[in-house]
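Letter by letter, the chains look like this.
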Amino acid sequence: MNERKICPVIDNMDKRYTYAQHKGRYSQAMKYEFYFEALMIDYALMEDRLKSFLYHAGVLNSRTSHKIDCSKPNKALLKQIYCKYRNKTDVNLPKIQNISGKIDIIRAVLEWVSNTEQNPNDSRYLRTLKNQCESVDIGDMLNTLKMIEDWCKYRNEVVHALMNKNIDSLRSVLCDKAIEGMELANRLDTYVRDMKKGNKVRKSANMCIEK
């Protein structure tokens, strides 16, 4: 069993404090041109906001879930949606430990919402999920997800191949990428707020609502 090296946040107050501290660190990093630190904070915020979207969409049983662990019936419904809109057959839902897995399941759900009519025969969970997703600017969010994927390609090159990058080429866009990353994270936060309103999706699935 893997033991945590760093204690996790314990409640919403702790989470808000953590957010405030890292946002402050980001501002300081940008001010003093510590762009590598700024990129790390950007990426962490994106990961957190994508996971929060999945939580409020009823995909995760709790905020600390490391895999899709909603009820078996709802998980089966999500798998059907994922297979259809990601053009796959009889595959497992993506792992959400990485950012690409989170984006993959969110994109499938948003495409399902965009391409299907409300069906009274659907489960209460699916009907509520569709209604709540429709409160989000789906076209804008899909575009943001694509921008995040492109941004992550740059970030991954920086993290995994830094010593093999031309310094002038690296420095020419590093500041802009740090700014772009925060803008994308803030856009994700807007979508999360829309999904969270009233906790309707989690209530429809009889899931606990963590304070």
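Here the structure is shown first, and the text comes after it.
Residues numbered from 1 in each chain as written. Predicted model: local features only at pLDDT ≥ 70, side-chain atom pairs only at ≥ 80, totals over all residues. Heavy atoms only, no water.

Following the criterion strictly, the structure yields zero aromatic pairs and no others. The cationic tip of Arg155 hangs over the ring face of Tyr43; the distance from NZ or CZ to the ring centre is 3.7 Å. Looking at Arg202, its charged tip hangs above the ring of Tyr55, at a distance of 3.7 Å from the centre. (Phe/Tyr/Trp six-rings, centres within 6.5 Å; stacked < 30°, edge-to-face > 60°. Lys NZ or Arg CZ within 6 Å of the ring centre and 35° of its normal.)

With that settled, consider the pattern of salt bridges. Tallied over the full model, the rule gives 16 salt bridges. The partner of Lys130 in a salt bridge is Glu134, and the shortest N-O contact between them spans 3.0 Å. Note that Lys165 and Glu157 form a salt bridge whose closest N and O atoms lie 2.9 Å from each other. Using a relative accessible area of 42% as the deciding quantity, one classes Glu157 as partly exposed. (Salt bridge = Lys/Arg side-chain N within 4 Å of Asp/Glu carboxyl O. Buried < 20%, exposed > 50% of the residue type's maximum accessible area, 1.4 Å probe, protein only.)

Here we take up the side chain of Arg49. Looking at the secondary structure, you find Arg49 in helix α2 (residues 35–56). Among the residues examined, Arg49 registers a relative accessible area of 13% and is labelled buried. Beyond its immediate chain neighbours, meaning those up to four positions away, Arg49 contacts Lys15, Tyr19, Ala185, Leu188, Asp189 and Val192. (Helix = DSSP H or I, 4+ residues; strand = E, 2+ residues; numbered from the N terminus. Contact = heavy atoms within 4.5 Å.)

This model, assessed by the stated rule, comprises zero disulfides. The closest cysteine sulfur to the non-disulfide-bonded Cys70 is located on Cys208, 13 Å from its own sulfur. Given the relative accessible area of 8%, Cys70 is considered buried. We note that Cys152 lacks a disulfide partner, and the nearest cysteine sulfur, in Cys175, lies 18 Å from it. Given the relative accessible area of 6%, Cys152 is considered buried. (Disulfide = S-S within 2.5 Å.)

In this section: the side chain of Arg107. Relative to the helices and strands, Arg107 resides in helix α4 (residues 99–115). With a relative accessible area of 12%, Arg107 lands in the buried category.

Once that is clear, we can look at the packing of helix α5 (residues 124–133) against helix α7 (residues 167–196). Where α5 contacts α7, the two axes come as close as 8 Å, and the packing angle between them is 135°. It follows that α5 is oblique to α7 by the angle criterion. Handedness of the α5/α7 crossing: right-handed. Facing α5, whose interface residues are Leu129, Gln132 and Cys133, α7 presents Asp194, Met195 and Lys196. Partitioned by chemical class, the residues of the contact of α5 with α7 number three nonpolar, one polar and two charged. (Axes fitted to C-alpha atoms, helices over the stretch in contact; angles between N-to-C directions. Parallel < 35°, antiparallel > 145°, perpendicular 65-115°, else oblique. Left-handed = near helix turned anticlockwise from the far one by under 90°. Nonpolar A, V, L, I, M, F, W, Y, C, P; charged D, E, K, R; others polar.)

In short, geometric facts, not functional conclusions.
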